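# Residue-level structure breakdown
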Amino acid sequence: MFLLEKKKGSCTKIILGFFVFLSFAILATSQSFSQNFFDEAERNIKDFTFKVKAFEDQISKGFIGEEKLQNIQISANQLVDKITIYRENLKPKLSDIKSQIERLGPAPLKDQPSEASALIKEREGLTKNFGLYDAFDKKAVLLQTRMEQLLRDINKLRREKFTRQIFRQYEKPLSFSLFSQIRNDTQQGIDRVQKILDTVQLDKFTTWPVFVFFALILLIGIILYVISKRIVDQLRTPPKETDELAFLQRATSATFVTLARAAPPIFLSVFLYFGFSYLDLFNEPIENLAKTILYSLIIYFTISAMVKTLLAPNRAEWRLFSLSDTAANILPRLIQAITLVFCLDLIWSRVNEIIDAPLSLNTGQNFIASISFAALLIVISMIRLQTEEKMIANSSRLWPVWLKIPLWLSAIIIIVSASNGYISLAKFLASQIIITSAVLVMAFLVHVAISELSSNLKNDKTLFGTWIKNTLVQEETARHHLAVLFNVFCNLLLLFFIIPLILLQWGFSVNDMQNGLSLVFFGLDVGNFRFSMISIIIAIGLFILGLVLTRLFQGWLDGGPFELTKFQNGVGALIRAVVGYAGFILSALLA
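Please read all numbers here as calculations on a predicted model, not as lab measurements.

Across its full length, the chain carries 18 helices and two strands. Each of the 591 residues in the chain was classed as buried or not, and the buried ones make up 34%. Put simply, of all contacts in the chain between residues at least 6 apart along the chain, 74% involve residues at least 24 apart.

Structure follows, in C-alpha cells:
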C-alpha cells in the first residue's frame with residue numbers, strides 16, 4: 001500500500017513537472033516569436049526608408065525618359081502596396097499589446113499602494129513595446145505620404161512630357177535641307193534594318209513543328225471562316241418584303257455580325273503570334289515588332305468588320321445609316337484605306353524605334369503618313385452621302401454638316417500641323433479619329449444590343465422573354481425590375497471596358513489604368529464613405545443570381561412536389577409566395 005502511494009506521488013510530480021516544462025517552453029517560444037516579429041518589423045521599416053530615399057533621388061536628378069518613368073512608377077506603386085501590407089500586419093500586434101495593458105488596469109496613483117514588482121515590470125515592458133510598434137506604424141504612415149507625393153510628382157512629369165511631345169516642333173518637312181538629309185540617312189537606315197534581319201534564324205522556320213503549326217493555322221482558319229459565315233447568314237436573314245427592320249433590330253444585329261466577322265482573323269493573328277513565340281522564332285527586336293503588328297492587325301480587322309457591317313454595301317435593308325448605294329460601296333474601302341495607313345504608320349514607327357533611325361527618317365515617315373491620312377479624309381468628305389430621294393431636296397456635298405465640317409477641319413489641321421513640323425500633334429489627331437471613333441461606335445452598338453436584350457427580358461412575345469416568363473419570373477413587374485438590373489449591370493461593365501481604351505490614347509499607361517481601376521473597383525474614399533464599384537457590381541450580380549435561383553426553385557416546386565402531393569391551390573400558392581419573399585430577402589441580404 002505504501003509503495004502504491006509512493007508511485008502515485010512520483011507520477012503526480014512527473015506530470016506536474018511536465019506541465020511546468022511545457023509552460024516554460026510555450027512562454028519561451030512566444031517570446032522568441034515576439035522578438036522575431038519585432039526584428040522583422042524593424043528590418044522592413046529600414047528597407048522601406050532606404051527605397052523611398054532612392055526613388056526620391058532618382059526623380060530629383062532631372063530629365064528621365066518615359067519608359068524609365070513608367071518603371072519607377074510601377075516599382076513605387078509596388079512599394080506603397082508593401083507598406084500598406086506592413087501596416088496591416090502591425091495593427092493586430094498593436095491591438096494585442098493595447099488590450100494587455102487595458103487588462104492590467106491603470107497604474108496606481110502616488111498615494112495608493114504600489115504594485116507587485118512582476119506587474120510593474122510587465123506593464124513597463126508592454127508600454128515599451130507599444131511605443132516601439134507605434135513608432136514603426138507612424139514611420140510607415142510618413143513613408144506612405146512621401147511615396148504618394150512622389151507618385152503625384154511622377155504623374156505631373158509624365159503629363160508635362162506628353163504635352164511637350166505633342167506640341168514639339170521638328171524641322172519643317174518641306175524644307176530642302178530635310179530632303180537632303182533624308183537622302184543621306186536612307187542607306188544608314190537600310191543597313192540597320194539588314195543587321196536586324198540577319199539576326200533572324202531562318203533555319204528554325206524549316207523544322208517540322210513549324211510546318212505542322214502552319215497547317216494547323218490553315219485548318220483553324222478554314223473552320224473559323226465557315227462558322228463565321230454561317231453565323232452572319234443566320235443573323236442577316238433576308239426579311240419579308242412586307243417587313244421593315246427597326247433601327248434597334250438592325251443595330252443589335254450589327255453588333256453580333258461585327259463580332260462574328262472580326263473574331264476569326266483576330267483569333268488567327270493572336271494564335272499565330274503566340275505560336276511563333278512558343279516555337280522560339282522571335283528574337284527581342286522581332287518580338288517587339290510582332291507585338292506592334294499584332295496590335296495593328298486587331299485595329300484593322302475590327303474597323304474593317306465594323307464599317308462593312310454598319311454600311312452594308314450589298315444589303316441596304318440592314319444599313320444603319322441612310323446612305324446612297326454608291327456611298328455605301330465607296331466608304332468602306334476608303335475607311336479601310338485610312339485605317340491601313342494608320343496601321344502601317346504604327347509599324348513603321350516601331351521599325352524606326354528598333355533600329356534607332358535618324359531623326360530625318362522619323363520626320364519624313366510621319367509627314368508622309370499624316371498627309372496620306374488627311375488626303376483620305378478629304379476624299380471621304382467630298383463623297384455625297386444622300387440617297388436619291390434626299391439628293392433632290394439637298395444636293396450639298398457638306399451634308400450632313402455635323403459630320404463633314406469636323407472631317408474637313410481635322411484634315412486641314414493635320415496638314416497644317418505636319419507641314420509646320422508639328423508631327424506628333426498630327427499623329428495624335430489621326431489616332432483620335434481612328435481609335436477613339438472606332439471605340440465609341442463599338443460601344444454604341446454594344447449598348448444598343450444590351451438595351452435590346454433588356455427589352456426582351458420583359459417582352460413575353462420574344463423567345464428570350466417567353467423563356468424568362470416560363471422558367472424564372474412570371475410577374476410582369478418583376479420581369480421589368482430584372483430587365484433594369486440587367487441593363488445597369490451590363491452597361492457598367494461596358495463602361496469599364498471603354499474608358500481605359502479611350503484614356504490610353506491620351507497618354508495614360510496600362511499601369512495608370514490598373515491603378516485607376518483598382519481605386520474605383522476596390523475602394524475610393526469620399527469623405528467618410530468608401531465607394532467600391534466592384535462591391536456594387538457583385539451586389540447586383542448576387543441579387544440577380546438569388547432571384548434566378550428562387551424562381552428556379554419555385555418552378556421546381558410547381559412541377560414536382562406540389563403536383564405529386566396534390567396540394568390545394570391556396571396552400572401551394574401560399575408556400576410559393578413565402579418561398580418567393582424569402583428568396584428576395586436572402587438575395588437582398590447577400591447583396
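The structure having been displayed, the exposition proceeds.
Moving on, we come to a nonpolar patch on the surface. Together, L216, L219, I223, I227 and I231 make up a nonpolar patch on the protein surface, roughly 410 Å² of accessible area in all. Along the polypeptide, I223 turns up in helix α5 (residues 208-235).

Applying the stated criterion across every chain, the model contains 11 salt bridges. Across the pair D57 and K53 runs a salt bridge whose closest N-O atoms are separated by 3.0 Å. Of this pair, D57 and K53 are both found in helix α1 (residues 2-60), four residues apart, which corresponds to roughly one turn of the helix. By relative accessible area, D57 is classed as partly exposed at 35%. Judged by relative accessible area, K53 falls into the partly exposed class, the value being 44%. Residue E88 is joined to K91 by a salt bridge in which the shortest nitrogen-to-oxygen separation is 3.4 Å.

Right, let's get into the confidence of the model for the chain. Confidence in the prediction for the chain averages 77 pLDDT; 74% of positions are at 70 or higher. Averaged over each element, pLDDT in the chain is lowest for strand β1 (residues 524-526) (50) and highest for helix α7 (residues 284-311) (91). In this model residues 1-8 is a low-confidence stretch, pLDDT under 50, and it forms zero contacts with partners more than four residues away in sequence or in other chains. Residue range residues 18-33 is modelled with pLDDT below 50. Its contacts to residues more than four positions away, or to other chains, number zero contacts.

For helix α8 (residues 325-354), spanning 30 residues, the distance from its first C-alpha to its last is 44 Å, which sits close to the expected 44 Å at 1.5 Å a residue. Within two residues after α8, D356 carries a phi angle of roughly 55°, on the positive side.

The next point concerns α5. In this model α5 runs 40 Å from its N-terminal to its C-terminal C-alpha over 28 residues, within 8% of the 40 Å that 1.5 Å per residue would give. All of the buried residues along α5 are V210, F213, I217, I220, G221, S228 and V232. Those residues of α5 that are buried are in contact with α6 (247-278).

Here we come to the packing of aromatic side chains. With the rule as written, the count across this model stands at 11 aromatic pairs. Summarising the aromatic geometry, the rings of F48 and Y86 are spaced 5.4 Å apart at their centres and angled 85° between planes, so their arrangement reads as edge-to-face. In this pair, F48 sits in helix α1 while Y86 sits in helix α2 (residues 66-104), placing the two residues 38 residues apart along the sequence. The same class applies to F48 as to Y86, namely buried. Through pairs of rings, three or more aromatic residues link up here, namely F213, F214, F267, F271, Y273, F274, F276 and F282.

Okay, the nonpolar core next. The biggest cluster of nonpolar side chains holds 45 residues, and the ones touching the most others in it are I299, L331, F373, L377 and I434. The set of elements that each furnish at least two residues to this core consists of α6, α7, α8, α9 (359-381), α11 (401-419), α12 (423-458) and α14 (476-503). If you tally residues by element for this core, the top one is α12, at 12 residues. If sequence neighbours within four positions are ignored, L331 has contacts with L311, L323, I380, I383 and L385. A76, I83, Y133 and L150 belong to the second-largest nonpolar core, a separate cluster that totals 27 residues.

Rules used throughout
- Residues numbered from 1 in each chain as written.
- Predicted model: local features only at pLDDT ≥ 70, side-chain atom pairs only at ≥ 80, totals over all residues.
- Heavy atoms only, no water.
- Helix = DSSP H or I, 4+ residues; strand = E, 2+ residues; numbered from the N terminus.
- Buried < 20%, exposed > 50% of the residue type's maximum accessible area, 1.4 Å probe, protein only.
- Contact = heavy atoms within 4.5 Å.
- Patch = residues over 30% accessible without salt bridge, like charges linked within 9 Å, V, L, I, M, F, W, Y side chains within 5 Å.
- Areas by Shrake-Rupley, 256 points an atom, 1.4 Å probe, with all protein chains shown as cover.
- Salt bridge = Lys/Arg side-chain N within 4 Å of Asp/Glu carboxyl O.
- pLDDT = per-residue confidence, 0-100.
- Expected span 1.5 Å × (residues − 1).
- Phe/Tyr/Trp six-rings, centres within 6.5 Å; stacked < 30°, edge-to-face > 60°.
- Core = buried A, V, L, I, M, F, W, Y, C linked by side-chain atoms within 4.5 Å.

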